[in-house]
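Observations on chain architecture
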Amino acid sequence: MRLRLMGLGVLFLAVLISAFGVIYSKHHSRSLFMALQVELAERDSLNVEWGQLQLEQSTWATHGRIEETARERLNMTLPSAGNTVILFD
């Protein structure tokens with residue numbers, strides 16, 4: 001009888017340890033999932049910012065904008081036909 005009671009105690013202890021293991025595992029899994037969600041939200045935010053930066057770059061790099069900047073800041077003008085030299089090989 002004593003051996004059987006000891007076996008039940010060992011079995012109860014094993015079940016208890018297993019239960020705590022499940023609890024810890026579930027908690028750890030939820031923590032990692034929450035961290036993943038934070039990282040995915042940051043990724044999405046950075047993708048939106050990247051798209052906005054690409055749009056801004058394409059706006060600043062248009063030929064009209066470059067020509068306007070060259071005229072205003074550098075006082076550049078198109079050369080006249082008399083000042084243009086065409087070289088052939």
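This write-up is about the structure you can find in this document. (Residues numbered from 1 in each chain as written. Predicted model: local features only at pLDDT ≥ 70, side-chain atom pairs only at ≥ 80, totals over all residues. Heavy atoms only, no water.)

This part is about the overall build of the protein chain. Looking only at helices and strands, the protein chain features 2 helices and 0 strands. On C-alpha atoms alone, the protein chain measures out to a radius of gyration of 36 Å, which is more than a quarter above the 12 Å that the 2.2 N^0.38 rule sets for 89 residues. For the C-alpha atoms alone, the extent of the protein chain along its principal axes is close to 115 × 35 × 15 Å. Counting across all 89 residues of the protein chain, residues that qualify as buried make up 1%. Each charge class in the protein chain was averaged separately, 8 positive and 9 negative side chains, and the resulting centres sit 28 Å apart. (Helix = DSSP H or I, 4+ residues; strand = E, 2+ residues; numbered from the N terminus. Rg over C-alpha atoms; globule rule 2.2 N^0.38 Å. Buried < 20%, exposed > 50% of the residue type's maximum accessible area, 1.4 Å probe, protein only. Lys, Arg positive; Asp, Glu negative; His and termini not counted. Charge placed at Lys NZ, Arg CZ, Asp CG, Glu CD.)

This paragraph deals with the environment of serine 58. Its place among the elements puts serine 58 in helix H1 (residues 2-60). It is 55 Å that separates the C-alpha atoms of serine 58 and glycine 21, two residues lying 37 residues apart in sequence. A polar contact is formed between the side chain of serine 58 and the backbone oxygen of leucine 55, at a distance of 2.7 Å. (Polar contact = N/O pair within 3.5 Å; in protein donor to acceptor, adjacent residues only side chain to side chain.)

That is the geometry; function is a separate question.
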